[in-house]
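# Per-entry structural report
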2 protein chains.
Amino acid sequence: MEKELELFERHIQHKGLKRSNQRDCILKTFLKSERHLSAEDLFHMVKQDYPHIGYTTVYRTLRLIVESGIAEVVDFDDGVKRFERKLGREYHAHFICSHCGNHFEAFDVNIKTLSSRLAKEQGFLPQNHRLEIFGICKKCG
Amino acid sequence: MEKELELFERHIQHKGLKRSNQRDCILKTFLKSERHLSAEDLFHMVKQDYPHIGYTTVYRTLRLIVESGIAEVVDFDDGVKRFERKLGREYHAHFICSHCGNHFEAFDVNIKTLSSRLAKEQGFLPQNHRLEIFGICKKCG
DNA sequence: CTACTTGCAAAGCATTTGCCGGATG
DNA sequence: CATCCGGCAAATGCTTTGCAAGTAG
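Residues numbered from 1 in each chain as written. Chains lettered and ligands numbered in written order. Predicted model: local features only at pLDDT ≥ 70, side-chain atom pairs only at ≥ 80, totals over all residues. Heavy atoms only, no water.

### Focus: the protein's contact with DNA strand D
Taken together, the neighbourhood of DNA strand D is formed by 18 residues, with A:Tyr59, B:Lys18, B:Ser20, B:Arg23 and B:Arg60 sitting nearest. In DNA strand D, atoms within 4 Å of the protein come from the sugar-phosphate backbone in 67% of cases. Within the side chain of B:Arg23, one N or O atom sits 2.3 Å away from a phosphate oxygen of DNA strand D. Elements represented by at least two residues in the surface near DNA strand D include exactly α4 (55-67) of chain A together with α2 (21-32) and α4 (55-67) of chain B. When its residues are assigned to classes, the surface near DNA strand D shows three nonpolar, nine polar and six charged. (Near = heavy atom within 4 Å. Polar contact = N/O pair within 3.5 Å; in protein donor to acceptor, adjacent residues only side chain to side chain. Helix = DSSP H or I, 4+ residues; strand = E, 2+ residues; numbered from the N terminus. Nonpolar A, V, L, I, M, F, W, Y, C, P; charged D, E, K, R; others polar.)

Quick look at the structure:
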C-alpha cells in the first residue's frame, strides 16, 4: 500500500494537481478492496464515507490511478470496465465462465515468460499483458 | 470460407431465422476483410454494396456471426469492440502499441498449450482464450 | 489569490430496442 | 399469410465534459 500511495503522490505532483480527501479515500478504498472492481462498485463503497460523492469524481480518480501505474483495466466482455491492482501481479490469468459469468484467476510464472519472449521476438517493448480464458467453470461443468 | 458459411446457415436454421441478402453480404464482407474490424468499419464497407444499410443490421448480424462461432470479440481498450475470425486462429497473441495505437499479432503454439494447461489445473473447460500484450512497438520505441 | 477540485446536470459515444412497412418461405 | 427482416429514430447504459461554487497550498 505504501508503494501505491507514493506512486499516486508522484503522479499528482508530476501533473501539477492537488490531493484531496476524496481522492485519498477513493484510492484507499480501492486498495483495501477485492479484485476486479467496476467504477460503480467503487462508487457505492466510497459513498459510505462520502455520501455526496459523485460518479464523476470516482471516474476521474480511477483515471489517475491507472495513469499512476497502480491499477489496470480488465474486460470480461459484459460492457463494464473493471479495475485491478497491478503491482506484483504480472503472472496471472483470468478465467471467465461463459455460463455463470463468474471469474477467478490463477498465477503462473510462465505467463510472463511467454509474453516476454513473444514481445522480444517482435521487437516490441512490453509494458503489460493480459491473458483471459473463457469457458465453463467447475461448478457449471 | 465454406466452413463459415455452413456454420452460419446452421445457426440461422437452429434459431428458426431466415437468410437475407444483407446478412449474406455482411458475412461475406466480413470474411473477405482484414482482421480486427469494428462494427463501424464493417458498416462502411457494406455500405458500398448496400447504400441503405443501417448500423442496426450490421450489429445484429455481427451478433449472429459471433453466436455461430465464426468470429470473436477483441478489445484494445479504446472503447470500440472489434471482431476477428476465429477458425484456425487459436495460437495468436495481440500486440497493442500504447503510443501509436496500432496493433498486430503473432502466432505461437505455446499460447494454446499454456492456456490449456492452466485451465486443466483449475478444472476449467476452456472454450476460448485471449492474450493481449500492451507496450511500445518497433516504430515508436 | 490563483488554480485545481467537486458534484450536479447535460452531453457523448457505441450499441440496442421499438416500431412498422417490406420481404421471405 | 404468418413470421421474420431492415432501417429509421429513439432509447439505453457506461463514461466524460461544462459549469459554478468550494477548497488547497
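### A closer look at helix α1 (residues 2-14) of chain A
Residues and elements named next belong to chain A. Under the 1.5 Å per step criterion, the end-to-end length of α1 is 18 Å for 13 residues, consistent within 8% with the ideal 18 Å. Considered for burial, the residues of α1 that qualify are Glu4, Leu5, Leu7, Phe8, His11 and Ile12. On an axial view of α1, the arc spanned by its buried residues comes to 160°, and they lie on one face. Away from its buried face by more than 90 degrees, α1 exposes Glu2, Lys3, Gln13 and His14. The inward-facing, buried residues of α1 contact α2 (21-32), α4 and β3 (81-85). Of the residues trailing α1, glycine 16 is marked for its positive phi of about 70°. (Expected span 1.5 Å × (residues − 1). Buried < 20%, exposed > 50% of the residue type's maximum accessible area, 1.4 Å probe, protein only. Arc of directions from axis to C-beta. Contact = heavy atoms within 4.5 Å.)

### Focus: the pattern of salt bridges
Applying the stated rule across the entire model yields 28 salt bridges over all chains. Put simply, B:Arg117 and A:Asp108 hold a salt bridge, and the shortest N to O gap is 3.1 Å. Placement of B:Arg117 in helix α5 (residues 109-121) and of A:Asp108 in the loop between β5 (103-107) and α5 (109-121) is noted, with the two residues assigned to different chains. In this structure, a network of salt bridges that share partners links the residues A:Asp77, A:Arg130, A:Glu132, B:Asp77, B:Arg130 and B:Glu132. (Salt bridge = Lys/Arg side-chain N within 4 Å of Asp/Glu carboxyl O.)

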